[in-house]
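Residues per chain, in single letters:
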Amino acid sequence: LEDVRCSRKADLIAVGHTADDQVEEVLLRLSRGSGLKGLSGMRPKYGRVIRPLLEVTRQEVLNYLETNGYEFCHDSSNESVRFLRNRIRMELLPLLEERFNPSIRNTILNTARILEIEEEFLSAESDRLYSSLAILNTHNQPSISFAQDALSAIPAALRRRLFERACWEIGCRPDFKQIGKIEALLDSAGSGPELHLQSGVRVVRQLDSLLFTTLAANQHPREQLAQATEFRHDIPGPGTYLVAELDRRLEIEIIDDNVLDDQTMRVDADSVDFPLRLRSVLPGDRFTPLGAPGRKKVARFLSDRKVPKHIRAQHPVLESAQGIICVLGLEIDERCRSAETTSRWLVIRWERG
């Protein structure tokens, strides 16, 4: 259907699922085992696929065709009880209507609508939490980690969704039991326990975080996490710079309006001189974190911030001739802070490439 859509240069694909198909789909998913998303049924629109008849019954469609003299095709496989969907339509639904609830179809449709509304809320909330809590690293082997304290502070229903999405993005589709094992791993004490999933995906319990990653054959997690790459990029002026080593993008802009934005770092533009340098953290690097009483080693600052070792490389330093301006994504140097007299701001964005 997608090939036909492209060849016809069409915008959408309209399919003929009816309200009866929706009832059958919900029962089918229930019989196979499904979560809230599955039990909320098919969507009226999913990508380029639309279902304009989803709230119309099959009988209403047949009546319309008969009244207007339209012919239609009949698929003989719809009569075969070899298929589970057909058994649900031909055997289970008539039984439920006769023995339990004559209005079972409307009951299931209403339930699906309620679940759809609740699914939309939980999905939006889990997306928000994932964006704020997931720490992504694509250097060497891809990985995603979550701070233990952050995970423990959210309801289990949302936490399980974060686990499921992390597994999807790393490369596997976990089942109900595996999500439960990840929950148990989070509750385990100490650092080191692992859970091995399909496609080489591993979940590693670290001292203060939970790591989702893929490991090379015969490689221990500690060996992988110890790997790091040193790099250095010159930043001649404002603009956008890709940092391939970290799959990140640095954006530098000078503005004269100090509009607050949680996604950016802002410093007094007159406190720094171009060219700047973006580089990995080196032993002995020091700076004065904003509001701190004195200088601190960057490595100690990362440790105090509880940044897991395997993703510390994702927070390099940006410096000028005067010294370190900021640890990207975390903190600026006290020397570069805005003051009442500041009239120009250097805006720094550090985003996934």
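This text follows the structure it describes.
Thresholds applied
- Residues numbered from 1 in each chain as written.
- Predicted model: local features only at pLDDT ≥ 70, side-chain atom pairs only at ≥ 80, totals over all residues.
- Heavy atoms only, no water.
- Helix = DSSP H or I, 4+ residues; strand = E, 2+ residues; numbered from the N terminus.
- Expected span 1.5 Å × (residues − 1).
- Buried < 20%, exposed > 50% of the residue type's maximum accessible area, 1.4 Å probe, protein only.
- Contact = heavy atoms within 4.5 Å.
- Axes fitted to C-alpha atoms, helices over the stretch in contact; angles between N-to-C directions.
- Parallel < 35°, antiparallel > 145°, perpendicular 65-115°, else oblique.

As for helix α2 (residues 19–32)
With 14 residues, α2 ought to run about 20 Å at 1.5 Å a step, and its terminal C-alpha atoms sit 20 Å apart, in line with that. Within α2, 10 of the 14 residues are buried, which leaves the element mostly enclosed by the surrounding structure. Among the residues of α2, those classed as buried are Ala19, Asp20, Asp21, Gln22, Val23, Glu24, Glu25, Val26, Leu27 and Leu28. Elements in contact with the buried residues of α2: α3 (36–39), α4 (58–67), α5 (84–99) and α6 (104–133). Gly33 sits one or two positions beyond α2 and adopts a positive phi of about 95°.

Examining the packing of α2 against α6
Contact pair α2 / α6: the axes reach a minimum separation of 9 Å and the direction vectors enclose 75°. In terms of axis orientation, α2 runs roughly perpendicular to α6. Counted together, Ala19, Asp20, Gln22, Val23, Val26 and Leu27 of α2 and Arg105, Ile108, Leu109 and Ala112 of α6 form the full contact between these two elements.

Describing unusual backbone geometry
For the bond running from Phe274 to Pro275, omega is 5°, close enough to zero to count as cis. On the secondary structure map, Pro275 appears in the loop between β12 (265–268) and β13 (276–279). Positive phi is not limited to glycine here, since Lys9 has a value of about 55°. Tracing the backbone shows Lys9 in the loop between α1 (2–8) and β1 (13–14). For Lys9, a relative accessible area of 75% gives the class exposed. Residues other than glycine seldom take positive phi values, yet Ser199 does so here, at roughly 60°. Tracing the sequence through the fold places Ser199 in the loop between β6 (194–196) and β7 (201–205).

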